[in-house]
Amino acid sequence: MQQTFQLTSENYHSKEANQHYMSVSQFKSAVQCEAAMIAELKGEFTRPPSQALMVGSYLHAALESEQAFADFFEKERDSIVNTRGNMYAPFAQADEMIETVKNDPFCMFALEGDKEIIMTGELFGAPWKIKIDSINHQRGTFTDLKSTQELGKRYWSEKYNGWVSFVQAYDYVLQMYVYREIIYQNTGRYYDPYIVAVTKESPPDKAVLHIDTARYSFEEDYVQTLLPSIIQAKQGEKKPHRCDKCAYCRGTKKLSGTFEIEYLLD
C-alpha cells in the first residue's frame, strides 16, 4: 500500500481516502465486523444516520471556530431545527454543553491550538490517517473533545475483561495511542494527549483527563495483533469475518441450518 493519496480536509472522509488509509474509526469498525467495514468501503452498505454523531460534529464545530460552526449549522440546518425554527432537543442540550466548556477557562486552555489538523504515518506496515481536534506544538500537547452520559458511568468491556470508564469503553485510549505515534512520526516528539470531556446531564459536568503512558503498551499489542487480519480483508486476501449481529450482517444473512437454543445468548 503505497502512500500516494494526498489527503485534504475535503477528501479526508471520502471512500478513496478510506480505501487507502487505515484510521481509528475504521479499525474500530473492523474489530466489530470486518464484513460490514469492507462492504462500506465498497459502497455496498451505508450505516444508518446517527443523530449522536451529528450532535458530536455540532459540538466540535462550535469549539473549532465561529466560521466552522456557521458553516456546519447552515449545511445541517434541517437536522438541527424543525420547520417552526425550534431546535431539536439533542442540539439544545448540546448548546448547554458548549457553554459549559466555553465558560471554563481550564477547558478552553486545554483546547488551545491548531484545529482539525490532518497527519499521516505508518503503523505495523499500514498507512494511517488522523485528524486532530486541537494540537499545541509549543506545549507539545494535543486534545480531543468528547461527550459522554456521565463521567463516572461504568461499562463492561470484553476487551479489558472488566468494568471500565467511557474512555476505555469507546477506545479513546487506543485513539490517543495511534494519534501519539503518528504525531511523533511527523514531529520527532511524543506529545501529551488530553481529553476534554463534557456530559449530557443538565447541567453538564466536565473534566480534563490525561492518560498514564503505561496504558499504551496494551493498545499497541492490541492493534498489532488485530491489524493483519483487517488489512488482509481490506486487500481482498481473505474473506472478511462476519459478526452476524450488526445491521449489515442481519440484512445479508443466509441460513444454512439450525442451532440449539443455548447459543442464542452467545
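Refer to the structure above for everything that follows.
Predicted model, so just to flag it, every value in this text is computed and none were measured.

## Observations concerning helix 3 (residues 34–41)
Since the α-helix advances by 3.6 residues per turn, residues separated by three or four positions end up pointing in the same direction. Among the eight residues that make up helix 3, seven are buried, leaving the element largely enclosed by the rest of the structure. Glu34, Ala35, Ala36, Met37, Ile38, Ala39 and Leu41 are the residues of helix 3 that are buried. Summarising the contacts, the buried residues of helix 3 are in contact with helix 1 (15–20), helix 2 (24–32), helix 11 (216–234) and helix 12 (247–252). Phi turns positive one or two residues past the end of helix 3, at glycine 43, with a value near 80 degrees.

## A closer look at empty space enclosed by the protein
A complete count under the given rule lists one cavity of 30 Å³ or more for this structure. Empty space within the largest cavity amounts to approximately 90 Å³. Taken together, His60, Leu63, Glu64, Leu111, Lys115, Glu116, Asp133, Ser134 and Leu145 make up the lining of the largest cavity. Elements with a contribution of two residues or more to the lining of the largest cavity: helix 4 (51–64), strand 1 (114–123) and strand 2 (126–136).

## What to know about the pattern of salt bridges
Working definition: two side chains of opposite charge can pair if their charged atoms are close together. Taken as a whole, this structure holds nine salt bridges when the rule is applied. In this structure, arginine 47 engages glutamate 40 in a salt bridge whose closest nitrogen and oxygen atoms are separated by 2.8 Å. In this structure arginine 47 comes out as partly exposed when scored by relative accessible area, which is 33%. Across the pair lysine 146 and aspartate 144 runs a salt bridge whose closest N-O atoms are separated by 2.8 Å. One exposure class covers both lysine 146 and aspartate 144, and it is buried. Members of the salt-bridge network, linked through shared partners, are Lys159, Asp171 and Glu219.

What counts, and at which threshold
- Residues numbered from 1 in each chain as written.
- Predicted model: local features only at pLDDT ≥ 70, side-chain atom pairs only at ≥ 80, totals over all residues.
- Heavy atoms only, no water.
- Buried < 20%, exposed > 50% of the residue type's maximum accessible area, 1.4 Å probe, protein only.
- Helix = DSSP H or I, 4+ residues; strand = E, 2+ residues; numbered from the N terminus.
- Contact = heavy atoms within 4.5 Å.
- 1 Å grid on protein atoms, 1.4 Å probe; cavity = no way out; pocket = protein on both sides within 12 Å on 5 of 7 lines; lining within 4 Å.
- Points joined across faces, edges and corners; volume = space filled by probe spheres on them.
- Salt bridge = Lys/Arg side-chain N within 4 Å of Asp/Glu carboxyl O.

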